[in-house]
Amino acid sequence: MSASPRPDAPDTPPDSIRITGMNKWFGQFQVLHDINLTVREGERIVVCGPSGSGKSTLIRCINRLEHHQSGQIVVDDIELNANLKNIHKIRSEVGMVFQHFNLFPHLTILENCTLAPMWVRKMPRAEARDLAMHFLEKVRIPEQADKYPGQLSGGQQQRVAIARSLCMRPKIMLFDEPTSALDPEMIKEVLDTMIALAQEGMTMICVTHEMGFARQVANRVVFMDAGRIVEENAPEAFFHNPQNERTRTFLGQIL
Ligand code: ADP
Ligand code: MG
């Protein structure tokens, strides 16, 4: 099932993610407050904000690594609720890349990439291998296929993590600070991979403080503070004319 175009605006891409009035608590602590965010197919959203503001929790709710308690999250026309069938469908359509790569250390790079296509998608081994090599070439490390994650640099491991996600043919990619655990000289190679993905039209939500990346690829920048979306704007307006005092303070600290 794919999102249907809006009848009122035939040229507008369909909604990929629609979050309305969403709230989430960890026990007594309300971590997300009245979140409203719509992402259309092909959009690239950068989410930024201070540590602890709820950025990771927000994107983890989108593939139900965390569940929300009220409001609505609809991904590709499927509402996220307790229905496990929906969750499996969403997980196979939404790829996620974490700060700490999360590769399986005892599997080779190739095996890391073929595991889910073979076991979740029931793809024959040879086909899964071809697909994995295709994406390892895309992230420019096909020669590392038979090595183990521990033999690769952080930047290479993160590119493998991206290739591994792409092997599931996701419609949406979520990135949670994918470069913040990397040495400075490796950040660019990972960002370049993400930029290439954006240029191919992938729908993306990226939590990152790489503001050069945000300027280059984002349609919109979302600023969060204390569990709320405080400001949301096109990069140009966001960086040059921030509306909110907290956004100005944040930008003053990181730029
Ligand atoms: P960010 O990614 O913006 O740094 P997080 O979404 O990780 O923020 O966390 C938001 C808030 O929720 C923080 O105060 C954090 O301590 C809290 N939090 C995150 N995960 C949990 C959890 N599993 N249980 C309880 N509190 C949590
Ligand atoms: Mg986080």
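Looking at an unreviewed UniProt entry, the protein carries the name Amino acid ABC transporter ATP-binding protein, with the source organism given as Lacimonas salitolerans. Listed under Sequence similarities (unreviewed entry) in UniProt, the entry text for the protein is "Belongs to the ABC transporter superfamily."

A. Broad picture of the site of ligand 1. Lining the immediate environment of ligand 1, one finds F26, F29, V31, P50, S51, G52, S53, G54, K55, S56 and T57. Note that an oxygen atom of ligand 1 is positioned 3.1 Å from one of the backbone N or O atoms of S53. Within the side chain of K55, a nitrogen or oxygen atom sits 2.7 Å from an oxygen atom of ligand 1. Taking 560 Å² as the accessible area of ligand 1 by itself, protein coverage stands at 58%. Sorting the residues of the shell around ligand 1 by element identifies β2 (29–40) and α1 (55–62) as the ones contributing at least two each. When its residues are assigned to classes, the shell around ligand 1 shows four nonpolar, six polar and one charged.

B. Geometry of the environment of D192. Counting through the fold element by element, D192 comes out in helix α6 (residues 184–199). Distance from D192 to E232, taken between C-alpha atoms, is 24 Å for residues 40 residues apart in sequence.

C. View of the packing of aromatic side chains. A complete count under the given rule lists two aromatic pairs for this structure. Here F223 and F250 contribute two aromatic rings whose centre-to-centre distance is 5.1 Å and whose plane-to-plane angle is 45 degrees, an arrangement assigned as tilted. With F223 in strand β9 (residues 220–225) and F250 in helix α9 (residues 245–254), the pair connects residues that are 27 residues apart, well separated along the chain. Like F250, F223 is buried. A cation sits over an aromatic face here: R215 above F239, 4.4 Å from the ring centre.

The rules we used
- Residues numbered from 1 in each chain as written.
- Chains lettered and ligands numbered in written order.
- Predicted model: local features only at pLDDT ≥ 70, side-chain atom pairs only at ≥ 80, totals over all residues.
- Heavy atoms only, no water.
- UniProt positions renumbered as here; feature names shortened; annotations may be inferred.
- Near = heavy atom within 4 Å.
- Polar contact = N/O pair within 3.5 Å; in protein donor to acceptor, adjacent residues only side chain to side chain.
- Areas by Shrake-Rupley, 256 points an atom, 1.4 Å probe, with all protein chains shown as cover.
- Helix = DSSP H or I, 4+ residues; strand = E, 2+ residues; numbered from the N terminus.
- Nonpolar A, V, L, I, M, F, W, Y, C, P; charged D, E, K, R; others polar.
- Phe/Tyr/Trp six-rings, centres within 6.5 Å; stacked < 30°, edge-to-face > 60°.
- Buried < 20%, exposed > 50% of the residue type's maximum accessible area, 1.4 Å probe, protein only.
- Lys NZ or Arg CZ within 6 Å of the ring centre and 35° of its normal.

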